[in-house]
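Here is how the chains run, residue by residue.
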Amino acid sequence: MSALESMKVLIIVPAYNEADVIQKTIDKLVKLKNTVPSIDICIVNDGSMDETAEIIRMNREVILLDLPINLGIGGAVQSGYKYAEQNGYDIAVQFDADGQHSESDLLAVLEPIALNQCDMCIGSRFVQRTDYSGSLSRRIGIYYFQLLLFLLTKKKYTDATSGYRAINRNVIELFANDYPRDYPEPEVILYLHRKKLRIKEISVHMNQRQGGASSITPFRSIYYMMKVTLSILMQKLIKE
């Protein structure tokens with residue numbers, strides 16, 4: 001028996017207006033669950049205004065957390081972490097509903113946590129060369145946060161904006177109690193670094209969004225960079 005098979009694992013899938021693609025995502029994850037029964041799938045419907053929740057309810061293999069209002073990505077993911085904490089999961093992993101994350105990489109993202117090699121494992125598009133091609137604004141943002149976090153931590157994180165990440169029980173408890181609401185990915189890297197927890201990146205492949213529409217426009221990319229930068233700097237200054 002592998003280390004992973006002896007642990008309770010929760011896949012957290014935040015979903016907002018993903019009716020076009022959510023069933024495909026569920027099918028892929030259920031197929032994986034059939035090979036690793038210790039894995040559970042929790043989909044957090046973040047106040048969707050389309051048929052996302054109805055589609056999820058038709059799938060008895062998954063757990064539905066149906067939020068009455070839209071909390072944003074941070075609130076939705078934290079709801080999943082709270083569920084993981086309350087139900088004794090050893091590992092939690094975030095997985096996008098829109099088809100960008102590949103289920104074929106999921107076991108590789110989980111393995112370093114199962115083997116106690118790190119406290120958080122990030123699936124990165126840039127540890128090795130992949131066929132990922134994002135917009136210019138996304139690539140600028142990714143490089144910007146790589147540089148900012150290097151200046152603050154003296155460590156290189158190649159894909160600080162990646163939401164494809166797994167965490168252990170210790171970090172589940174931290175995130176269940178304190179997690180950024182908006183654009184949390186870069187912030188929590190600094191948060192865990194300051195707590196001297198271990199962060200590892202592994203190479204993954206990511207797809208183009210398979211349905212729905214991204215909320216990150218060029219204008220929102222600039223807002224995102226400014227807001228997260230301020231939050232990161234305030235976190236460092238206040239806790240010095």
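Let me begin by describing the structure that accompanies this report. Note that this is a predicted model, so its numbers are computed, not measured. (Residues numbered from 1 in each chain as written. Predicted model: local features only at pLDDT ≥ 70, side-chain atom pairs only at ≥ 80, totals over all residues. Heavy atoms only, no water.)

Positive phi outside glycine occurs at Asn116, with the angle close to 60 degrees. Relative to the helices and strands, Asn116 is located in the loop between helix 4 (106-114) and strand 5 (120-124). For Lys154, which is not glycine, the phi torsion reads 65 degrees and is therefore positive. Relative to the helices and strands, Lys154 is located in the loop between helix 5 (136-153) and strand 6 (165-168). You can call Lys154 exposed: its relative accessible area is 60%. (Helix = DSSP H or I, 4+ residues; strand = E, 2+ residues; numbered from the N terminus. Buried < 20%, exposed > 50% of the residue type's maximum accessible area, 1.4 Å probe, protein only.)

Let us now look at the pairing of strand 3 (residues 63-67). Here five bridges tie strand 2 (residues 39-46) to strand 3, and the two strands are oriented parallel to one another. Bridge pairing links Asp46 to Leu67 in strand 3. One crossover worth recording links strand 2 to the parallel strand 3 by way of helix 2 (residues 52-57), and it is right-handed. (Pairing = 2+ DSSP bridges. Right-handed = clockwise from strand over helix to strand, strands pointing away.)

All right, on to the environment of Tyr16 then. As for its placement among the helices and strands, Tyr16 is situated in the loop between strand 1 (9-15) and helix 1 (22-35). Judged by relative accessible area, which is 37%, Tyr16 ranks as partly exposed. Residues in contact with Tyr16, not counting those within four places in the same chain, are Asp46, Gly47, Ser48, Met49 and Asn70. (Contact = heavy atoms within 4.5 Å.)

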